[in-house]
Amino acid sequence: MSSHGGGGASLPHSHSSPSGMYPTPSSPESRSLGKRLPVQVHFLDDSVASFNIQFKALGKVLFDQVCKLLNLLETDYFGLEYIDCAGTKFWLDYEKPMCRQMGLSMINPVMSFCVKFYTPDPAQLEEEYTRYLFSLQIKRDLAQGILLCNDNTAALMASYIVQGKYFYA
């Protein structure tokens, strides 16, 4: 796992649990822990990590594991998003069990880590890594046509993206 506090920050490309971290399906320990749910999380840099959580665990358990993996301190701005079979996007509800999230596939669920709340004043962001994640989200939203702007603003945003790319390279 790499540190995300300074330059050269990048998200992990994969996350795999050490052998023996989770009981085997036939062991007595696994029956006492309940069913486990393998969840794939896609990050803003297009990397993917796998998490293995209890089927009935609250959504907060998964979100906390994701934030811990990223060493993310300013967690309030971010969330986990999933898409149901009809293509509707939902935010993971941290107070509900994973198995009760409407529209979340219980067979190999896939989630996306993304910005949930934008601050009106970017100077309020204390961590450099948080600003980096915001820039990745804005870049993605511009590329996908989710965030629309005029040509002058687009040129300014592109210059910031290029500067950011060299800063974190």
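Look above for the structure.
Predicted, not measured: the structure shown is a model, and the values here were computed from it.

J.: I keep staring at the overall build of the protein and nothing clicks. Help me out?
T.: Scanning the protein from terminus to terminus reveals 4 helices and 5 strands. In the protein, the share of contacts with a sequence separation of at least 24, taken over all contacts with a separation of at least 6, comes to 56%. With an accessible surface of roughly 10400 Å², the protein has 56% of that area assigned to carbon and sulfur atoms.

J.: Where do I start with the nonpolar core in this structure?
T.: Buried together is how nonpolar side chains tend to be arranged in soluble globular proteins. Ranked by size, the top nonpolar core spans 34 residues in total, and within it L62 and F113 carry the most contacts. Listed by contribution, the elements that provide at least two residues to this core are β1 (36–42), β2 (48–54), α2 (59–70), β3 (78–83), β5 (110–115) and α3 (128–143). When residues of this core are assigned to their parent elements, the largest contribution, 6 residues, is made by α2. Residues in contact with L62, not counting those within four places in the same chain, are V39, F51, I53, L80, L92, M98 and M111.

J.: Explain unusual backbone geometry here, please?
T.: A negative phi angle characterises most non-glycine residues, just as the trans form characterises most peptide bonds. Here D46, not a glycine, exhibits a phi torsion of approximately 75 degrees, which is positive. Residue position: D46 is located in the loop between β1 and β2. Positive phi values are uncommon outside glycine, yet N71 reaches one of about 60 degrees. Considering the arrangement of structural elements, one finds N71 in the loop between α2 and β3.

J.: Just to check I follow, could you spell out the packing of aromatic side chains for this structure?
T.: Each aromatic ring pair is described using two quantities: the centre-to-centre distance and the angle formed by the ring planes. Enumeration over the complete set of coordinates arrives at 8 aromatic pairs. Ring geometry for F43 versus F113: centroids 5.9 Å apart, planes at 50 degrees, classification tilted. Of this pair, F43 sits in the loop between β1 and β2 while F113 is found in strand β5, placing the two residues 70 residues apart along the sequence. Ring geometry for Y118 and F134: centres 5.5 Å apart, planes at 90 degrees, overall edge-to-face. Of this pair, Y118 sits in the loop between β5 and α3 while F134 is found in helix α3, placing the two residues 16 residues apart along the sequence. Overall, the relative accessible area of 41% leaves Y118 in the partly exposed class.

J.: Is there a simple way to think about α3 in this case?
T.: Side chains of residues three or four places apart in an α-helix project in the same direction, reflecting 3.6 residues per turn. Across its 16 residues, α3 extends 23 Å between first and last C-alpha, which sits within 8% of the 22 Å expected from 1.5 Å per residue. In the segment just after α3, G145 is the residue with positive phi, at about 75 degrees.

J.: Mind showing me how you'd approach α2 here?
T.: Over its 12 residues, α2 extends 17 Å from the first C-alpha to the last, a length consistent with the 16 Å expected when each residue adds 1.5 Å. G59, L62, F63, V66, C67, L69 and L70 are the residues of α2 that are buried. For α2, the arc enclosing every buried residue in end-on projection is 160 degrees, short of the 170-degree limit, so these residues lie on one face. Contact partners of the buried residues in α2: β1, β2, β3, β5 and α3. A positive backbone phi angle near 60 degrees is found at N71, which sits one or two residues after α2.

J.: Before we go on, may I ask you to explain the pairing of β2 in this structure?
T.: Side chains on a regular strand alternate between the two faces of the sheet. Examined bridge by bridge, β1 and β2 share 7 bridges and lie antiparallel to one another. Note on β2: the bridge partner recorded for V41 is A49.

J.: I'm lost on the pattern of salt bridges in this one. Help?
T.: A pair can form between side chains of opposite charge whenever their charged atoms are brought close. Scanning all chains against the criterion turns up 2 salt bridges. The salt bridge involving R140 is made with D46; its shortest N-O contact spans 2.6 Å. Pair noted here: R140 is in helix α3 and D46 is in the loop between β1 and β2, with a separation of 94 residues, a long-range link. You can call R140 partly exposed: its relative accessible area is 23%. Looking at D46, the relative accessible area reads 62%, which means it is exposed.

Each value, and the rule that gives it
- Per chain, residue numbering runs from 1 following the sequence as it is written.
- Thresholds applied to this predicted model are a pLDDT of at least 70 for local features of residues and 80 or more for the giving and counting of side-chain atom pairs; totals over whole chains, interfaces and linings are not thresholded and use all residues.
- Processing note: side-chain calculations cover all non-hydrogen atoms of the structure and skip hydrogens and water entirely.
- The helix and strand labels rest on DSSP assignments: H or I over at least four residues marks a helix, E over at least two residues marks a strand, and numbering proceeds from the N terminus.
- In this description, contact between two residues means that some pair of their heavy atoms is separated by no more than 4.5 Å.
- A 1.4 Å probe and the Shrake-Rupley method give the accessible areas. Residues count as covered only by the protein chains that appear here.
- Here, the term nonpolar core denotes a set of buried Ala, Val, Leu, Ile, Met, Phe, Trp, Tyr and Cys residues that are joined through side-chain atoms within 4.5 Å.
- Accessible area is worked out with a 1.4 Å probe on protein chains only. A residue is then buried under 20% of its type maximum, exposed over 50%, and partly exposed in between.
- For this analysis, a ring pair means two rings from Phe, Tyr or Trp (six-membered ring only for Trp) whose centres lie within 6.5 Å, classed as stacked if their planes differ by under 30 degrees, edge-to-face if by over 60, and tilted for the remaining angles.
- Residue count minus one, scaled by 1.5 Å, sets the expected span of a helix.
- Within this analysis, the arc is defined by the directions that extend from the helix axis to the C-beta atoms.
- Note on pairing: two strands pair once DSSP finds at least 2 bridges between them.
- Take a side-chain nitrogen of Lys or Arg and a carboxyl oxygen of Asp or Glu: if they are within 4 Å of each other, that pair is a salt bridge.

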